[in-house]
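Coordinates in review
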Amino acid sequence: MTTDSTTELTPEQLQEAANTLLKLTAHLRSGPAPEHALALTAVLLDEDRGVLARLSEALRATSRYLVQQAPVPWTPQVEHTVQWLTLAANDIQDWTILHFDVSRLRKDAFRGQNAS
């Protein structure tokens, strides 16, 4: 299988992304303005490009890859892993509904709070 150099990744690059999420967590724990916290969270939860959507896609891609590469008949471990990756991908995708909640909160709950 040939890989495109634009899609090659290293574990170190993914660790860097995970570290960015750790920094975000620390920042949110520091108590930024609610509008700022919600703006950052909205990026994470974007239904098309957010972390949850991308993670769900990555898990599905991993599952498909395992299906294509696994010897037939599948071992119980391969079948189990494929099922759980698919289930996790579906569960994570379901959480993207939070995108709408955060969007509504950004529009309504904190509107005018800084005006006082």
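Relevant structure appears above.
What counts as what
- All residue numbers here refer to positions counted from 1 along the written sequence of the relevant chain.
- Selection of residues for local features in this predicted model requires a pLDDT of at least 70, selection of side-chain atom pairs for listing and counting requires 80 or more, and totals for whole chains, interfaces and linings are taken over all residues.
- Computation of side-chain values: all heavy atoms of the structure, hydrogens and water removed.
- A run of H or I in DSSP becomes a helix once it reaches four residues, and a run of E becomes a strand once it reaches two; helices and strands are each numbered from the N terminus.
- For each residue, the accessible area found with a 1.4 Å probe, counting protein chains only, is set against the maximum for its type, and the residue is called buried under 20%, exposed over 50%, and partly exposed in between.
- Any pair of residues with heavy atoms lying within 4.5 Å of one another is described as a contacting pair.
- Using a 1.4 Å probe, accessible areas were evaluated by the Shrake-Rupley method; residue-level cover was limited to the displayed protein chains.
- Residues form patches when they are more than 30% accessible in relative terms and have no salt bridge. Like charges link within 9 Å. Nonpolar side chains (Val, Leu, Ile, Met, Phe, Trp, Tyr) link within 5 Å.
- Each salt bridge in this description consists of a side-chain nitrogen of Lys or Arg and a carboxyl oxygen of Asp or Glu lying within 4 Å of one another.

This brings us to the overall build of the protein chain. Within the protein chain one finds 5 helices and 0 strands. Start at the N end of the protein chain and walk to the C end: the helices and strands fall as α-α-α-α-α. The burial tally for the protein chain puts 17% of its 116 residues in the buried class. For the protein chain, contacts bridging at least 24 residues in sequence account for 57% of all contacts bridging at least 6. Working note: accessible area of the protein chain is about 8800 Å², and carbon and sulfur atoms make up 59% of it.

In this fold, L105 is placed in helix α5 (residues 98-108). Distance in space between the C-alpha atoms of L105 and E35 is 9.3 Å, their sequence separation being 70 residues.

The grouping of V67, V72 and W74 at the surface amounts to a nonpolar patch, some 290 Å² of accessible area in total. Mapped onto the fold, V72 is located in the loop between α3 (51-69) and α4 (76-94).

Another aspect to go through is the pattern of salt bridges. Evaluation of the coordinates by the stated rule reveals 3 salt bridges. As a salt-bridge pair, D46 and R49 come within 3.7 Å of each other at their nearest N and O atoms. On the basis of relative accessible area, D46 is assigned to the buried category, the value being 17%. Between R54 and E57 there is a salt bridge, with its nearest N and O atoms 3.3 Å apart. One end of the pair, R54, and the other, E57, are both in helix α3, 3 residues apart, so they sit about a helical turn from each other. We classify R54 as partly exposed; its relative accessible area is 41%. A relative accessible area of 41% means that E57 is categorised as partly exposed.

Once that is clear, we can look at the environment of L21. Residue position: L21 is located in helix α1 (residues 11-29). With a relative accessible area of 36%, L21 lands in the partly exposed category. Considering only alpha carbons, one finds L21 and L44, 23 residues apart in sequence, at a separation of 9.5 Å.

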